[in-house]
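Remarks on the overall topology
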Amino acid sequence: MGPTRAQFIQYAPAALAVVPLAAGPWSALAAAAAGAGAWAVNTSAPVLRSLIACGLTTTGCGIAASEVLAAGMNPLIALGLAVPAGAAALAHHRNLTGHTPALVPATTTGAGAGLTSQEQVIAAWWAEFISGPTQTEDRKLIQPGAALEQLVLQVDGGTVVFTGIITLPPGQQVRVREGDVASVYGVPVSQVELGDPKHYAPNALPVTVQLTAPAAQPQIAAGAPTTPQELWAAYVAVPEGAMPGTTLTVTRYDGPLDWEGIATRDRRAIGTVNLQDLAGNLDLETIQIALATGDKPSQMGIRVMREHALMHGTMLSSVADELSMDSRGYVRAGTYVDGRAALLPLAQPGSGARHLYLVGGSRSGKSGLLEQILLSAHRSGIAVILASPQAGTIAGASLSAYLGDGLDEAMGALRLAYAMLLDRESRYRSPAFPFTDPLVLVVIDEAHMLLSDSSQYHQEAKAIVEQLTRRSLKRGIGVVLATQTPLAADVGNSTVIRSQLLIGGGAVFLRCARGQGNLVGANAVEGAEGIDLSMIPSQWPGQYAKVADRDMSGLATEAAAAPEDGTFGLGYLLTPGSQAVQFRSLHLDVPPISLAGGEPVGIEDCDAWRERDAITQTPMVDKRGKNLIGSLADLLTAAEGAPSSQEPAAHHNPAGTHAVTGPARPGGAPAASEGQELIKPRILELLQEQSIPMTAETIARKLETSAKHVKPRLSELKKQNKVTNENGLWRAA
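First, a word on what this report is: a plain description of the structure on this page. Just so it is clear, the model here is predicted, and its values are computed rather than measured.

With respect to the pattern of salt bridges
Applying the stated criterion across every chain yields a total of 20 salt bridges. A salt bridge links D437 to R427; the shortest N-O distance between them is 3.0 Å. In this pair, D437 sits in the loop between α11 (407–427) and β16 (440–444) while R427 sits in helix α11, placing the two residues ten residues apart along the sequence. For D437, a relative accessible area of 12% puts it in the buried group. For D607, the salt bridge goes to R610, with nearest N and O atoms at 2.4 Å.

Brief notes about the sheet that holds strand β17 (residues 477–483)
Overall, mixed pairing links the ten strands, which are arranged β10-β9-β20-β19-β18-β13-β17-β16-β14-β15 in an open sheet. Every other strand in the sheet has two partners, leaving β10 (341–345) and β15 (402–405) as the edge strands with one partner each. Taken pair by pair, the neighbouring strands of this sheet meet at an average axis angle of 25°, ignoring direction. The strands touched by α11 are β14 (383–388), β15, β16 and β17; relative to β14, the strand with the most contacts, the crossing angle is about 145°.

A few points about the nonpolar core
Core analysis: the biggest nonpolar cluster contains 86 residues, and W232, M243, L278, I444, L481 and F509 have the highest contact counts within it. With eleven residues, α11 is the largest single contributor of residues to this core. Not counting chain neighbours up to four residues away, the residues in contact with W232 comprise A237, M243, T246, T247, L248, A263, L278, L282 and I302. With 36 residues, the next largest nonpolar core counts V331, L369, V384 and A397 among its residues.

Focus on the sheet that holds strand β1 (residues 147–156)
With antiparallel pairing, the four strands of this open sheet are ordered in space as β1-β2-β4-β3. Strands with a single pairing partner mark the edges of an open sheet, and in this sheet they are β1 and β3 (192–194). On average, each strand axis in the sheet is inclined to that of its neighbour by 15°, with strand direction left out of account. Pairing geometry for strand β2 (residues 159–167) and strand β4 (residues 204–210), over seven bridges, is antiparallel. Its bridge partner lying in β4, F162 is registered against V209.

Side note on the environment of L310
Counting through the fold element by element, L310 comes out in the loop between β8 (299–304) and β9 (330–336). Once the C-alpha coordinates of L310 and P563 are considered, the two residues, 253 residues apart in sequence, prove to be 9.5 Å apart. With residues up to four places along the chain from it excluded, the contact list for L310 reads T335, Y336, V337, W540, L570, F583 and R584.

Side note on the packing of aromatic side chains
Throughout the structure, instances matching the rule amount to four aromatic pairs. Centroid distance W125 to Y185: 6.2 Å. Interplanar angle 20°. Geometry classified as stacked. Of the two residues, W125 is situated in helix α6 (residues 113–131) and Y185 in helix α7 (residues 178–185); the sequence distance between them amounts to 60 residues. Among the aromatic residues, those joined into a cluster by ring pairs are W125, F129, F162 and Y185. Above the ring of W609, the side-chain terminus of R612 is found at 4.2 Å from the ring centroid.

Quick look at the pairing of strand β13 (residues 355–359)
Of all the five residues making up β13, five are buried; the element is thus mostly covered by neighbouring parts of the structure. Of the two faces of β13, the one carrying H355, Y357 and V359 and the one carrying L356 and L358 are both buried. In terms of strand pairing, β13 meets β17 through four bridges, oriented parallel. What sits directly across from Y357, in β17, is L481.

Some details on the packing of helix α20 (residues 679–689) against helix α22 (residues 707–719)
Between α20 and α22, the shortest axis-to-axis distance is 10 Å and the interhelical angle comes to 75°. The angle between the axes of α20 and α22 places the two elements in the roughly perpendicular class. Here α20 contributes I679, K680, I683 and L687 to the contact with α22, which in turn contributes H709, V710, R713, L714, E716 and L717. Here the residues of the contact of α20 with α22 are counted per class, giving six nonpolar, one polar and three charged.

Quick word on the environment of A123
Of note, A123 is situated in helix α6. Sequence separation between A123 and E149 is 26 residues, and the spatial gap between their C-alpha atoms is 9.2 Å.

Notes on the side chain of T469
By the element assignment, T469 lies in helix α13 (residues 458–471). Beyond its immediate stretch of four places on either side in the chain, T469 contacts H355, V479, I497, Q500 and L501.

Procedures and definitions
Residues numbered from 1 in each chain as written. Predicted model: local features only at pLDDT ≥ 70, side-chain atom pairs only at ≥ 80, totals over all residues. Heavy atoms only, no water. Salt bridge = Lys/Arg side-chain N within 4 Å of Asp/Glu carboxyl O. Helix = DSSP H or I, 4+ residues; strand = E, 2+ residues; numbered from the N terminus. Buried < 20%, exposed > 50% of the residue type's maximum accessible area, 1.4 Å probe, protein only. Pairing = 2+ DSSP bridges. Axes fitted to C-alpha atoms, helices over the stretch in contact; angles between N-to-C directions. Contact = heavy atoms within 4.5 Å. Core = buried A, V, L, I, M, F, W, Y, C linked by side-chain atoms within 4.5 Å. Phe/Tyr/Trp six-rings, centres within 6.5 Å; stacked < 30°, edge-to-face > 60°. Lys NZ or Arg CZ within 6 Å of the ring centre and 35° of its normal. Parallel < 35°, antiparallel > 145°, perpendicular 65-115°, else oblique. Nonpolar A, V, L, I, M, F, W, Y, C, P; charged D, E, K, R; others polar.

Here it is as structure tokens:
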């Protein structure tokens with residue numbers, strides 16, 4: 001093993017002084033001076049080696065030339081001895097100029113002067129320690145021949161970065177690693193980045209080296225008062241923060257829990273933001289933060305609230321003129337956290353209808369929003385097919401053209417909606433047909449009761465809803481699907497249903513039960529990342545104390561809850577291509593149905609509507625839940641053998657009971673109209689005996705018949721002012 005660099009520097013002056021002693025005192029003195037100078041400037045080992053070789057060669061050649069001349073030999077021989085001496089001097093000069101100086105940021109005294117010098121230093125270090133061209137026993141190259149090509153140096157303030165391409169001849173593979181480059185240039189490995197070999201040729205790999213360390217992140221002293229900008233820079237804008245690389249500009253500041261600002265990323269899109277991460281970075285609750293996207297993808301509005309801006313709500317009666325659909329197909333659904341009107345799309349003029357995905361648990365305001373949607377559809381001339389598996393839960397159900405109230409009837413409403421799709425497809429072959437028929441909205445409340453694996457209608461309902469969400473928009477039929485949680489099981493574990501709902505319109509997310517509202521993992525929704533619906537509180541902060549301080553000495557018979565008493569309707573509204581924005585639906589200070597006026601919007605007269613009674617009782621899949629009926633002709637053929645409204649289906653009739661059909665007509669056909677007339681006195685008698693209001697299904701069950709028998713008779717009795725109907729509940733007048 002050869003001497004080290006330190007040993008060269010220590011012993012070289014003595015060696016240079018001793019070796020040429022035979023040449024005389026002047027040569028020794030010159031060599032000693034050269035060695036002392038090399039020691040003083042702390043020169044490198046390659047330069048010392050070159051200096052020693054040059055000294056030995058020139059001294060030896062000088063002695064030989066002197067002897068030749070003294071012996072009287074040809075002077076040309078003495079001249080020839082100068083050639084090796086000159087070669088040694090040139091080699092020493094090359095090594096001296098090729099030696100790399102210290103790698104420090106260059107100081108520019110002229111245009112580009114310092115930058116060129118810095119590039120030369122970088123290239124020289126690369127050649128000496130990584131690629132060569134020469135390798136000695138005491139200096140092993142990292143990979144000989146791995147040249148640094150297309151070197152580019154970028155200096156921005158205190159940041160110095162160079163990029164290049166490690167290049168080898170074809171057939172060879174780059175073996176230089178980040179740690180090798182970091183050791184050569186004396187930087188941490190984290191400041192060196194090599195391209196992924198999978199994306200580049202084996203013999204050409206890009207490299208980026210940050211020569212200066214990144215600026216230290218601001219440190220916040222414990223307990224010291226901090227500004228939003230400092231908190232943002234320390235926790236949010238860092239690489240592991242919720243919005244890395246952003247800066248915060250505060251536009252309003254009324255305290256650490258009440259401020260607004262704009263987050264900006266320099267010429268790069270911010271993208272979607274995980275709201276949970278942002279709340280964690282700022283040490284706040286999720287409900288205290290609201291985001292608002294702007295026109296520029298590189299900016300996003302931020303709002304931090306002590307008292308929520310939506311606490312007092314917006315009254316339904318105050319925006320009644322905004323409930324009808326505008327020229328763009330939008331209706332007013334509530335108010336955003338920044339005070340702007342929150343709009344929902346129900347249609348896309350010239351293209352078709354729109355879908356809506358609605359999620360909300362008990363007491364979240366989901367039913368109130370559905371009533372509001374029914375009112376907006378009514379005032380916009382949109383017919384509604386309502387499937388409500390949980391009977392009697394929608395107060396505005398009477399605004400629908402067809403109501404499936406109860407589990408079996410709700411399944412029938414789905415069948416009718418699918419039949420309408422097939423009917424319109426058979427009548428209108430072109431998707432761009434003029435909408436002479438009304439738009440139809442298929443509203444499915446508590447959809448999990450039909451779609452979940454535990455439902456008896458799981459396979460059929462899933463098949464129908466998948467086809468509706470895929471094919472119905474161009475035919476003027478939209479789907480509003482409401483569930484209690486965003487879990488995949490609530491939509492039959494169908495990625496088709498949820499993705500089509502989100503693509504085809506928008507989504508409303510309200511409060512859910514704890515552990516069931518996290519929009520991550522399998523339940524992730526693009527644009528709503530990090531939102532946990534279970535974190536929406538059921539009460540505003542401080543409301544419990546307000547309730548405790550109330551005077552309860554007397555009870556008001558007509559007490560009404562103030563909007564700020566609960567968080568009903570508070571959630572997030574997501575429209576296609578945007579970030580979910582916090583909003584609150586309208587507060588129902590008056591029943592929506594009271595603002596309707598007029599009869600429900602009807603569905604066009606067509607085969608599917610005319611045969612609705614048979615269609616609603618015709619299963620559309622086989623016993624295995626497969627092979628959904630695919631054409632209107634096949635559906636009408638299947639419906640011919642199904643029980644009609646005069647002949648209830650088997651699952652509508654309890655065992656051992658018989659429907660009232662009346663006397664038979666000639667030929668064996670029952671006199672249906674006469675038989676139905678016999679039910680009316682029984683209905684009226686039941687309602688008069690019972691002091692509580694009942695749904696049509698309850699009446700049918702008590703009379704041991706089908707609801708299909710009862711509902712038409714109830715309508716006739718209502719016209720005769722013998723019974724009344726309030727929110728789907730019937731009682732004697």
